[in-house]
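Structural overview
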Amino acid sequence: MVAERSSRLEVRLVRRGFSDPQAAVGLLGQPWLSGLADDPLLLDALGATADPDLALLGLARLLEALDPAERHTLRDTLTSSKPLRDRLLSVLGASTALGDHLARHPRDWHALVTFELRDIHPGTEDFRRELHQRMRTAGTDRADALRIAYRRCLLTIAARDLSGTTDLPQTAAELADLAGATLQTALEIAADEDPEAAGRCRLAVIGMGKCGGRELNYVSDVDVIFVAEPREGVEEHQAMQAATRLAARMTRLCSDTTGEGTIWPVDANLRPEGRNGPLVRTLASHLAYYQRWAKTWEFQALLKARPVAGDAELGAAYAQATGALVWQAAERDNFVADVQQMRRRVVDAIPAREVDRQLKLGPGGLRDVEFAVQLLQLVHGRTDPRLHSPTTLQALEALSAAGYVGRADAASLDAAYRFLRAMEHRIQLHRLRRTHLVPTDPADLRRLARSLAGHINDDTNADPVAALQREWRRHAVEVRRLHEKLFYRPLLDAVAELPAGVIGLSTEAAKARLEALGYADPAAALRHLSALASGVSRKAAIQRTLLPVLLGWFADSADPDAGLLNFRQVSDALGRTPWYLRLLRDESAAAEQLARVLSAGRLAPDLLLRAPEAVAMLGDPQGLEPRGRAALTQEIQAAVGRAGSAAAGVAAARAVRRRELFRTAAADVLGRFGEEPGAAVDAVGDALTVLNAATLQGALQACVAEWEAANGEFPTRLAVIAMGRFGGQEMGYGSDADVLFVHEPVLGALDQDAAQAAFAVCNQLRTLLAAPSTEPPLLVDADLRPEGRQGPLVRTLGSYEAYYRRWSHVWESQALLRAAPVAGDPGLGARFRALIDPLRYPGVGVPTQDLLEIRRIKARIEAERLPRGADPTTHTKIGRGGLADVEWTVQLLQLQHGHRVPGLRTTRTRAALAAAVEAELVEAEDAAVLDAAWVLASRVRSAVMLVRGRPGDSFPGEARELAGVARYLGYGSGHTGELVDDYRRTTRRARAVVEELFYG
């Protein structure tokens, strides 16, 4: 019968989480626990603890240690009072050390009944006074009494923590206040023991580290600094000797081990000169050291300095005097780099076998949060007193509220820090040992996981250890990511290096800086700055932080005033958009790129201001990568498909084109297409050609769809043939889209109906793409068609064949060298290509008569089409050694040898020139001269369009615009003359080669 009852009890205990039910049954059979096995509330409470077996063992030891009357009282209270039951058992199930304390001092269980702190806010004088009083009335043997009283107070804090009465910040603050009360009591004991010393000096104890920040662990070194002053009539050296005796005795009272163990080590190594310096200094001595000798890390440590014991007036004076020094630390040379290097040294010093178990020092640990927060505080806190809290979570909240850290990032760090600190607390609480290592023993991990069940966003019932590991790793990865993002962002260096007055953007400081940076209109710039930085909004706070750095980036351009104006316009449009502010604040590379784009000219900013959300591209590492034809065509066709008319469809296609024009222009300005000029020109040409081809395809789809909606099935197939720079994949930002339209009636359709339908669609396509709009137009030029403007806009394939067979001129064969299908029916485009290949690559080469005609036309163009007043030495298109010179020379080679040299059968100038070298038609040196001239002229045309926002074939006459062109081409400030000289030299050499190869 007894065995059966024991078996049933074991089953009940297993269900409640006991690991060793047989041992538990044996304990429940002890006389002082008799009858409790039949109390389901007690068993449930035991099962809810971190370690039910440990909780039951601790309860058994406690009851055994009590006298019978006291034992009876505790048993009755346990069964009748749920708050006591939960507090006591939660402590016994989580902490062997506190269980040992209760076994030695069993009457301390009353502290869990009588010592309630719900109505006393941590940190108030009432709380400290209560703790201090309990220290002083602990007994007669002062050293042991101090430890006993400390453990009793610790017992109540742990009980409130484990039962969920307090949260992590409150628990950490209570532990710090308990440390302060302990230090105060120890100092009073030392003064009582040495009244002579106490009469000679005033001594203040300054809490540092987690004690100073009111975020102490259960077991931690308590970092302190001692500051003393002589009492009236006492010589300074005598006072310092007396203060040193008091400080040393106070330290031993807390740090030495007695029969009641150790409280915690008192560590004074953060004092000036560390272990090599005097234990106690006067306030003046402290200040002299910090002003002359202190290292960066010492100012970082002072961030958490707080008087915790001793002379309150002296402690307050110390805090006030050193506090001013803390917020000047960021102005020190290499301040940010020093703090970052110190963090690296901490990580490097961790033994390799411990890195993966380190909660505090390892990557993704508590130190990563603390160092990131402290660095941001020190950099920005010198002008923003809201950031001066010594407590990590309060400082993080202030950084978020002020806009220095994004809300989502701050929330992630806050959650991770709370979890990691809670995990650290539970590990330390078990044996009250100073450790930050996650245990490896399965039983320890299980107890730890169960104690943190309320902190884990996962089911801990099935496998609590696995749930704990997942939660820990999740938070660690997030902390590491955010630490890297916030702690190492280059913007911190830039902000830290600026004079303090500049960050505040006072009128005087801003004006002086603007004038020094070369702003042409400081008054207008000041108005922009005032509009951007005034107010108390999150937007204004972030922009106040960014503007000093942005001003420098703008000043590095040819037109700082335009950059600042453009930034204001973009910020006015996007300033209330959370992702925009987050992008600029958190991604310093994106902020710098935006500054460079906004100050590089008019084209990119104009495109951006029409749809400012494109700024998001700058925050994406792949955001400026050119998109392929397939992806663009798919997006445009989808947008067109959603439109209700041809006009709406073409407008949608033009909107996509505008965004992609900005992507290409921004990438070009930022040098994303490579350092080799020719490769960059080719990349821009490819991107613009693909974009315009996809836009034409979408516009064609929209117009055909509208025609079919009104008339039924479209009666013909259409193809768009790119010509000129479009066909050669060499388009510039201001290039028109030269095209031919070809159609082919479908089977059964009347030729007249097909021609009318094709004309209607192509004409509408041209009109809609060029129509006035907020989107940049795409001018579709069909003047290279047979008979030019006098001929029909669209011809059938057969009509083209008849015309070219009978009427074609040599210049038309030359123009067809760049023809390439880009939109419409692919099969029809391929048939058109097959039709024109014999014309552009004639098997007989170029007859003498045609060669003379080509040269005559070229000479006529040079003589008649150069704009009046234009300098032929700097005109990029028709001028000496410019684009036309090189292209006509290459095209002549294609006409002459294309039928036998496959490499010449390309629409691209540079590719054909390279093929001519390979075929030994041109000397490599001559080809290099031509290539260099063509690339330089192409880059100048792109630069003119980027800077002015409108196309031009000559260098700008306005000085700032010319300087902008020079900056794009890699010439520094003041070197525009060198650019023009280099251009003339390069094109002069090219012209000499053209004279030889083209004119013979």
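Residues numbered from 1 in each chain as written. Predicted model: local features only at pLDDT ≥ 70, side-chain atom pairs only at ≥ 80, totals over all residues. Heavy atoms only, no water.

1. Let's talk about the overall build of the chain
Each helix and strand in the chain was counted, giving 46 helices and ten strands. For 1000 residues, the compact-globule formula gives about 30 Å, and the C-alpha radius of gyration of the chain, at 41 Å, lies well above that figure. The dimensions of the chain, computed from C-alpha atoms along their principal axes, are 125 × 85 × 50 Å. Buried residues in the chain amount to 56% of all 1000 residues. Taking all contacts inside the chain whose residues are at least 6 apart in sequence as the whole, residues at least 24 apart take part in 72%. As presented, the chain carries roughly 41400 Å² of accessible surface, and 50% of it is formed by carbon and sulfur atoms. Distance from the positive charge centre (122 side chains) to the negative charge centre (127 side chains) of the chain: 1 Å. (Helix = DSSP H or I, 4+ residues; strand = E, 2+ residues; numbered from the N terminus. Rg over C-alpha atoms; globule rule 2.2 N^0.38 Å. Buried < 20%, exposed > 50% of the residue type's maximum accessible area, 1.4 Å probe, protein only. Contact = heavy atoms within 4.5 Å. Areas by Shrake-Rupley, 256 points an atom, 1.4 Å probe, with all protein chains shown as cover. Lys, Arg positive; Asp, Glu negative; His and termini not counted. Charge placed at Lys NZ, Arg CZ, Asp CG, Glu CD.)

2. Some points on unusual backbone geometry
In the Ramachandran plot, R214 falls in the positive-phi region, its phi being about 55° despite a non-glycine side chain. The topology assignment puts R214 in the loop between helix 13 (209-212) and strand 2 (222-230). Even without glycine at this site, Q729 takes up a positive phi of about 55°. We classify Q729 as partly exposed; its relative accessible area is 30%.

3. A word on the packing of helix 4 (residues 52-65) against helix 6 (residues 82-94)
The geometry of helix 4 relative to helix 6 is characterised by a closest axis approach of 7 Å and an angle of 110° between their N-to-C directions. The angle between the axes of helix 4 and helix 6 places the two elements in the roughly perpendicular class. The chirality of how helix 4 crosses helix 6 is right-handed. Contact residues: L54, A55, G58, L59 and L62 in helix 4; L88, L89, L92, G93 and A94 in helix 6. Classifying every residue of the contact of helix 4 with helix 6 by side-chain character gives eight nonpolar, two polar and no charged. (Axes fitted to C-alpha atoms, helices over the stretch in contact; angles between N-to-C directions. Parallel < 35°, antiparallel > 145°, perpendicular 65-115°, else oblique. Left-handed = near helix turned anticlockwise from the far one by under 90°. Nonpolar A, V, L, I, M, F, W, Y, C, P; charged D, E, K, R; others polar.)

4. Let's talk about the packing of aromatic side chains
Applying the stated rule across the entire model yields eleven aromatic pairs. Considering the side-chain rings of W707 and F714, the 5.3 Å spacing of their centres and the 85° angle between planes classify their relative orientation as edge-to-face. Residue W707 is classed as buried on the basis of its relative accessible area of 19%. The class for F714 is buried, based on a relative accessible area of 7%. In this structure an aromatic cluster arises from ring pairing among Y800, Y803, Y804 and F832. Over the ring of F371 we find R343; its NZ or CZ atom is 5.9 Å from the centre of that ring. (Phe/Tyr/Trp six-rings, centres within 6.5 Å; stacked < 30°, edge-to-face > 60°. Lys NZ or Arg CZ within 6 Å of the ring centre and 35° of its normal.)

5. Section: the nonpolar core
Formed by 141 residues in total, the largest nonpolar core has its most connected members in F567, L696 and F741. When neighbours within four sequence positions are excluded, F741 is seen to be in contact with A719, V720, C762, L765, R766, V780, A782, L793, V794, R795 and Y800. Membership of the second largest hydrophobic core comes to 85 residues, among which are L13, A37, L66 and L146. (Core = buried A, V, L, I, M, F, W, Y, C linked by side-chain atoms within 4.5 Å.)

6. A short note on the pairing of strand 7 (residues 737-745)
Burial runs high along strand 7: nine of the nine residues are buried. Covered by surrounding structure in strand 7 are A737, V739, F741, H743 and P745 together with D738, L740, V742 and E744, the residues of both alternating faces. Here strand 6 (residues 716-722) runs beside strand 7; their pairing, made up of seven bridges, is antiparallel. Counterpart to T716 in the pairing with strand 7 is P745. Two strands pair when backbone bridges link them, and strand 7 and strand 8 (residues 780-781) are joined in this way by two bridges, in the parallel orientation. (Pairing = 2+ DSSP bridges.)

7. Brief notes about the pattern of salt bridges
Under the defined criterion, the tally for this structure stands at 60 salt bridges. Across the pair E273 and R281 runs a salt bridge whose closest N-O atoms are separated by 2.2 Å. With a shortest N-O distance of 2.9 Å, D559 and R960 are connected by a salt bridge. Pair noted here: D559 is in the loop between helix 28 (538-555) and helix 29 (560-574) and R960 is in helix 45 (residues 959-968), with a separation of 401 residues, a long-range link. Take D559: its relative accessible area is 25%, and that puts it in the partly exposed class. (Salt bridge = Lys/Arg side-chain N within 4 Å of Asp/Glu carboxyl O.)

8. Points about the environment of R900
In this fold, R900 is placed in the loop between helix 42 (883-897) and helix 43 (909-918). With residues up to four places along the chain from it excluded, the contact list for R900 reads R905 and L921.

9. Points about helix 46 (residues 976-997)
Here helix 46 is 22 residues long and its end C-alpha atoms lie 32 Å apart, about the 32 Å a rise of 1.5 Å per residue gives. Burial in helix 46 covers these residues: L979, V980, Y983, T987, A990, R991, V993 and V994. One side of helix 46 holds all its buried residues, which, seen down the axis, span an arc of 165°. The inward-facing, buried residues of helix 46 abut helix 41 (848-864), helix 42, helix 44 (924-948) and helix 45. (Expected span 1.5 Å × (residues − 1). Arc of directions from axis to C-beta.)

10. Considerations on the environment of Y150
Looking at the element boundaries, Y150 is found in helix 10 (residues 142-162). Residue Y150 is classed as buried on the basis of its relative accessible area of 3%. On a C-alpha basis, the gap between Y150 and L178 in space is 7.7 Å, while along the polypeptide they are 28 residues apart.

11. Looking at the confidence of the model for the chain
In this model, the chain carries a mean pLDDT of 87, and residues with pLDDT of at least 70 account for 92%. Of the regions scoring below 50 in pLDDT, residues 117-123 engages in 18 contacts with residues more than four places distant in sequence or in other chains. (pLDDT = per-residue confidence, 0-100.)

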